[in-house]
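Structural characterization, general
Listed here are the chains, written in short residue letters.
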Amino acid sequence: MRIGIVGYGNMGSAFASALKEKTQVVVYDVDPAKIDRARQDHVATTESLEFLVWNSDAVLVAVKPKDVPSLLEDLKGLLEERLLVSIVAGLSIEKIQRTLGEKKVIRVMPNVNVLVRRGVMAFWASPQVSSEEKKAFVELFSSCGKLYEIKEDMMDSFTALAGSGPAFVFKFLHAMALSGVMEGFPYSTALSIVLDTVVGSCELLKEMGGVPEEWVLRVASPGGTTVEGIKVLEERGFVGTVMECVRQTSQKAKRLT
Ligand SMILES: NC(=O)C1=CN([C@@H]2O[C@H](COP(=O)(O)OP(=O)(O)OC[C@H]3O[C@@H](n4cnc5c(N)ncnc54)[C@H](OP(=O)(O)O)[C@@H]3O)[C@@H](O)[C@H]2O)C=CC1
Ligand SMILES: O=C(O)[C@@H]1CCC=N1
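Calculation notes
Residues numbered from 1 in each chain as written. Chains lettered and ligands numbered in written order. Predicted model: local features only at pLDDT ≥ 70, side-chain atom pairs only at ≥ 80, totals over all residues. Domains from an automatic or database assignment. Contact = placed C-beta atoms within 7 Å. Nonpolar A, V, L, I, M, F, W, Y, C, P; charged D, E, K, R; others polar. Axes fitted to C-alpha atoms, helices over the stretch in contact; angles between N-to-C directions. Helix = DSSP H or I, 4+ residues; strand = E, 2+ residues; numbered from the N terminus. Parallel < 35°, antiparallel > 145°, perpendicular 65-115°, else oblique. Left-handed = near helix turned anticlockwise from the far one by under 90°. UniProt positions renumbered as here; feature names shortened; annotations may be inferred. Near = placed C-beta within 6 Å. Buried ≥ 20, exposed ≤ 12 C-beta atoms within 10 Å, placed from the backbone. Pairing = 2+ DSSP bridges.

What follows covers the domain arrangement of the chain. Here the domain parsing of the chain yields domain 1 (3–153) and domain 2 (165–254). A separation of 33 Å is found between the C-alpha centroids of domain 1 and domain 2. With five residues of domain 1 at the contact, the number on the domain 2 side is four residues. Looking at the side of domain 1 that touches domain 2 residue by residue, the classes come out as two nonpolar, three polar and no charged.

Here it is in structure tokens:
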């Protein structure tokens, strides 16, 4: 499955870097600086959308929601039997088909971790996509990380948890690293300590199983240090704040396009 990527920004470049190891990839971007960057990254480029489509089996749409309407108009009439893979947040298959007609569309919600082949992605295919095409898509995109097939009505929730999720994790990492600075460590040392702690905790949970709260109790010794910190998180509504953060993010996805 040859892939043509429209938009070489954060996500287009992440997918290009992962997919070019597995298949033929060509990218197109309206910004000449992005085309230059793609060339520096040794990714094949084109300055023509037509060329990109004609030389692809699947076209990956990686532009911002505001740029989608005009791009879909440009793709109309070009796509023919090719697959359209959209990673645009909040953009339903129905909205895409309203412009393009009943084309083959796979809606994907990835996250930036595709850059290191550890993406967490969900997808949902329109009925026009054959089981062979779906299989080929799954095989290829699995090289970018983990794929979940979910119903389209859960896509906005997935966007909040996994698509935006890395930003929330990075905010937490920064907060912990700053705490380390307050305790007297240089920022870089504090960040390294925090990263190792977070990665180790995730690996422990994945390997040993159980739910996070069980492990909280294993860390928090009776009358010890940890429980003092937990009390502050409880008093300041940490869990509720995170839940509201995900809910607001998910709701925004519904208003995006
Ligand atoms: N960033 C993330 O972590 C995630 C993003 N997404 C989705 O991925 C999509 C892309 O996001 P992101 O990579 O961050 O965006 P970026 O702005 O980094 O990249 C988009 C690129 O597409 C270019 N572009 C705009 N219009 C066109 C066009 N008609 N043809 C070709 N290129 C065009 C833009 O140029 P210019 O800047 O000049 O407009 C820009 O270089 C969004 O729809 C977003 O919802 C999904 C999951 C995660
Ligand atoms: O912030 C956004 O709109 C996109 C979608 C998920 C992550 N970034």
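What follows covers the packing of helix α8 (residues 165–183) against helix α9 (residues 187–208). Where α8 meets α9, the closest approach of the two axes is 8 Å, and the angle between their N-to-C directions is 130°. Here α8 lies oblique to α9, going by the angle between them. For the element pair α8 and α9, the recorded crossing hand is right-handed. In this structure, α8 contributes L173, M176, A177, G180 and V181 to the contact, and α9 contributes Y187, A190, L191, I193, V194, L195 and V198.

Another point: the UniProt feature "domain: Pyrroline-5-carboxylate reductase catalytic N-terminal" (unreviewed entry) in the chain. The UniProt record annotates "domain: Pyrroline-5-carboxylate reductase catalytic N-terminal" (unreviewed entry) at residues 2–90. With 37% helix and 20% strand, the stretch residues 2–90 has end C-alpha atoms that lie 26 Å from each other.

Moving on, we get to the site of ligand 1. The immediate surroundings of ligand 1 are formed by 25 residues, with G7, G9, M11, D67 and A89 found nearest. With three residues, helix α1 (residues 10–19) is the single largest residue contributor to the shell around ligand 1.

This next bit is on the environment of L71. By the secondary structure assignment, L71 is in helix α4 (residues 68–75). According to the C-beta neighbour criterion, L71 is partly exposed, with 18 such atoms within 10 Å. Separated by 65 residues in sequence, L71 and V6 have C-alpha atoms that sit 9.0 Å apart. L71 has contacts with V6, V61 and V63, leaving out every residue within four places of it along the chain.

Further remarks concern the sheet that holds strand β5 (residues 83–86). With respect to topology, eight strands assemble into an open sheet ordered β3-β2-β1-β4-β5-β6-β7-β8, the strand pairing being mixed. Each having just a single partner strand, β3 (44–45) and β8 (145–149) make up the two edges of the open sheet. Each of β5 and β6 (104–109) is contacted by helix α5 (residues 93–100), which is oriented at about 145° to β6, the strand it contacts most.

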